[in-house]
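Listed below are the residues making up each chain.
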Amino acid sequence: MHDDSHQDEWSLETLAIRAGHHRTFEQEHAEPIFPTSSFVYESAAEAARKFGGQEPGNVYSRFTNPTVHTFERRLAALEGGERCVATSSGMSAILSTALGLLSAGDEIVASRSLFGSTVSLFDKYLGKFGITTRYVELSNVSAWEQAIGPNTKLLFAETPSNPLSEVADIPALAELAKRSGAFLAIDNCFLTPALQRPIALGADLVIHSATKYLDGQGRAVGGAVVGKHDVLEEVFGVVRTCGPCLSPFNAWIFTKGLETLSLRMKAHCENALTLARWLDQHPAVNKVYYSGLETHPQHALAKHQQQGFGAVLGFEVKGGQTGAWQVIDATKMLSITGNLGDVKTTITHPATTTHGRLSDAQKEAAGITPGLIRVAVGLESQADIQRDLACGLDTLAAS
Ligand SMILES: *Cc1c(COP(=O)(O)O)cnc(C)c1O
């Protein structure tokens, strides 16, 4: 008989395939999609109870949809959280968290190397409503400690960082958060629960852009927040009322994506480590930024805190911007795009794209040099990825 009451005993690989699906009376094997905006009742009294919340059940797909709930239960199980709220995008996951937990006058302390839109959201939009953000160096715990004040309500970090692979000490930040009565939120987009489980390390909230590795095949935009029941109730309230809800179709794509997450992440990591080692000895490369390399300053912390090193790496080539563009333009297979978390390997010049809006001084402070290239390593054959990069790099080395 179908029974998921033993879920506590299941490993991550099993949860990713079996958690969260409550089979319907149709006895379907695969998870169904419910593309319906509303639900119907047997009587006026039942409708009244469902609308009033006295009886659990589906009301309206802005806040109750069975396909979305399957994805939420499965991701909560993988992250080891009590509850998950799915959202229309990674950005709306961050927005809903902020709207749910913060008020005017509150402060955020965040790492300096954040996804660009997250910085705009904090500064330009939350700033309009009297919520201010201070930025600190991700890996410097005492800088976090100094930046925390009496009004700090949220610590926010992305680890490892993009594109320089710096690593935050999650248990140390969790300790600071607890002492100051603030929430610690970790954007776990780059590693996913297959490689890092922030809640087990002490974080209160995990944020996802499901658009990246949870889908893993570049098909749909979505997001999620995972954490304790009462905290997530505030985030759910925002999604329910303000409306950045996930569509059932996208939720179904992400649910099916989770089934292969562990396998995909292992393969992504293997490809990335092999590529990082090869780049590290290439004469046209000055420096490789990847926490899987023994020479990375936080390799030991990454090894201890993560179950893998991820698949996004940065490397600086000789010849500044001209050299970097030459290497990018010489590729024939890699996709020149800012996206990541896809089976297809992507290549980007951060200084003129993802970080293009920063001033030269800000770029220098963030380590975004003109010769820096970011590769999000996909699942093509490692030899083919390497050969594609070798075209430009070999020419550059010979010049
Ligand atoms: C892409 C991304 C986001 C935003 O997610 P969307 O789904 O594009 O809204 C947030 N954080 C990180 C680290 C990302 O890479």
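Residues numbered from 1 in each chain as written. Predicted model: local features only at pLDDT ≥ 70, side-chain atom pairs only at ≥ 80, totals over all residues. Heavy atoms only, no water.

By the naming in an unreviewed UniProt entry, the protein chain goes by O-succinylhomoserine sulfhydrylase and is assigned to Vreelandella andesensis. Per UniProt, the protein chain has the following entry under Function (unreviewed entry): "Catalyzes the formation of L-homocysteine from O-succinyl-L-homoserine (OSHS) and hydrogen sulfide." (UniProt positions renumbered as here; feature names shortened; annotations may be inferred.)

Enquirer: Any chance you could break down the UniProt feature "modified residue: N6-(pyridoxal phosphate)lysine" (unreviewed entry) in the protein chain for me, citing the residues and the numbers?
Expert: UniProt records the feature "modified residue: N6-(pyridoxal phosphate)lysine" (unreviewed entry) at Lys-212, using the numbering of this structure. Checked against the element boundaries, Lys-212 lands in the loop between strand S6 (205-209) and strand S7 (223-227). Non-local contacts of Lys-212, meaning those with residues more than four positions away in its chain, are made with Phe-115, Cys-189, Asn-339, Leu-340 and Gly-341. (Helix = DSSP H or I, 4+ residues; strand = E, 2+ residues; numbered from the N terminus. Contact = heavy atoms within 4.5 Å.)

Enquirer: Go over unusual backbone geometry with me, naming the residues and quoting the values.
Expert: That bond from Thr-159 to Pro-160 is cis: its omega, 0°, falls within 30 degrees of zero. Inspection of the secondary structure assignment puts Pro-160 in the loop between strand S4 (152-158) and helix H7 (170-180). Each neighbour pair has its own omega, and for Asn-162 with Pro-163 the value is 5°, a cis peptide bond. Structurally, Pro-163 is set in the loop between S4 and H7. The backbone of Gln-27 shows a phi angle near 60°, a positive value even though the residue is not glycine. Within the secondary structure layout, Gln-27 lies in the loop between helix H1 (12-18) and helix H2 (44-52). Residue Thr-192 is not a glycine yet carries a positive backbone phi of 65°.

Enquirer: Describe in detail the domain arrangement of the protein chain, supporting the description with residues and values.
Expert: Under the domain assignment used here, the protein chain contains domain 1 (7-258) and domain 2 (262-398). Each of domain 1 and domain 2 has a C-alpha centre, and the two are 28 Å apart. Of the residues lining the interface, 31 residues belong to domain 1; the matching set on domain 2 comes to 35 residues. Buried area between domain 1 and domain 2, both sides added, is near 2,700 Å², and the carbon and sulfur share of it is 55%. Its largest share of buried area at the contact with domain 2, domain 1 owes to Leu-164, Leu-195 and Tyr-213, together 28% of the area lost on that side. At the junction of domain 1 and domain 2, the tally comes to 11 residue pairs in polar contact (both at pLDDT 80 or more). Counting only elements with at least two residues in the side of domain 1 that touches domain 2, the list comes to H1, H7, helix H8 (192-195) and helix H10 (248-259). At three residues, H8 tops the list of elements feeding residues into the side of domain 1 that touches domain 2. Classifying every residue of the side of domain 1 that touches domain 2 gives 16 nonpolar, 10 polar and five charged. (Domains from an automatic or database assignment. Buried area = accessible area lost by both parts, 1.4 Å probe. Polar contact = N/O pair within 3.5 Å; in protein donor to acceptor, adjacent residues only side chain to side chain. Nonpolar A, V, L, I, M, F, W, Y, C, P; charged D, E, K, R; others polar.)

Enquirer: Could you give an account of the environment of Thr-241, with specific residues and numbers?
Expert: Structurally, the position occupied by Thr-241 is in helix H9 (residues 229-242). In this structure the C-alpha to C-alpha distance between Thr-241 and Asp-187, which are 54 residues apart in sequence, comes to 24 Å.

Enquirer: Tell me about the packing of helix H13 (residues 320-330) against helix H15 (residues 382-398), and name the residues and values.
Expert: Remark: H13 packs on H15, axes separated minimally by 7 Å, with the N-to-C direction vectors making an angle of 145°. Here H13 runs over H15; the crossing is right-handed. Mapping the contact onto sequence places Gly-323, Gln-326, Val-327 and Ala-330 in H13 and Asp-388, Leu-389, Cys-391, Gly-392, Leu-393, Thr-395 and Leu-396 in H15. Class assignment of the residues belonging to the contact of H13 with H15 gives a composition of six nonpolar, four polar and one charged. (Axes fitted to C-alpha atoms, helices over the stretch in contact; angles between N-to-C directions. Left-handed = near helix turned anticlockwise from the far one by under 90°.)

Enquirer: How would you sum up the sheet that holds strand S10 (residues 335-336)? Please name residues and give values.
Expert: A sheet is described by the order of its strands in space; here five strands give the open sequence S8-S9-S12-S11-S10, paired in mixed fashion. Two strands bound the open sheet, and with one partner strand each, they are strand S8 (285-289) and S10. Inspection of the sheet shows strand S11 (residues 346-348) paired to strand S12 (residues 372-376) by three bridges, in the antiparallel sense. By the bridge assignment for S12, Ile-347 is matched with Val-375. Sitting on the sheet, H13 is in contact with strand S9 (312-317), S10, S11 and S12, with an inclination near 125° to S9. (Pairing = 2+ DSSP bridges.)

Enquirer: Which residues make up the packing of helix H4 (residues 90-101) against H9, and what values go with them?
Expert: For any two helices packed against each other, the geometry is given by the interaxial angle and the distance between the axes. Running from N to C, H4 and H9 cross one another at 110°; their axes reach a closest spacing of 8 Å. One element, H4, and the other, H9, form an angle in the roughly perpendicular class. As H4 packs across H9, the resulting crossing turns out to be right-handed. Side by side, H4 and H9 meet where Ser-96, Thr-97, Leu-99, Gly-100 and Leu-101 of the first sit next to Val-231, Glu-234, Val-235, Val-238 and Val-239 of the second. Its residues assigned to classes, the contact of H4 with H9 comprises six nonpolar, three polar and one charged. (Parallel < 35°, antiparallel > 145°, perpendicular 65-115°, else oblique.)

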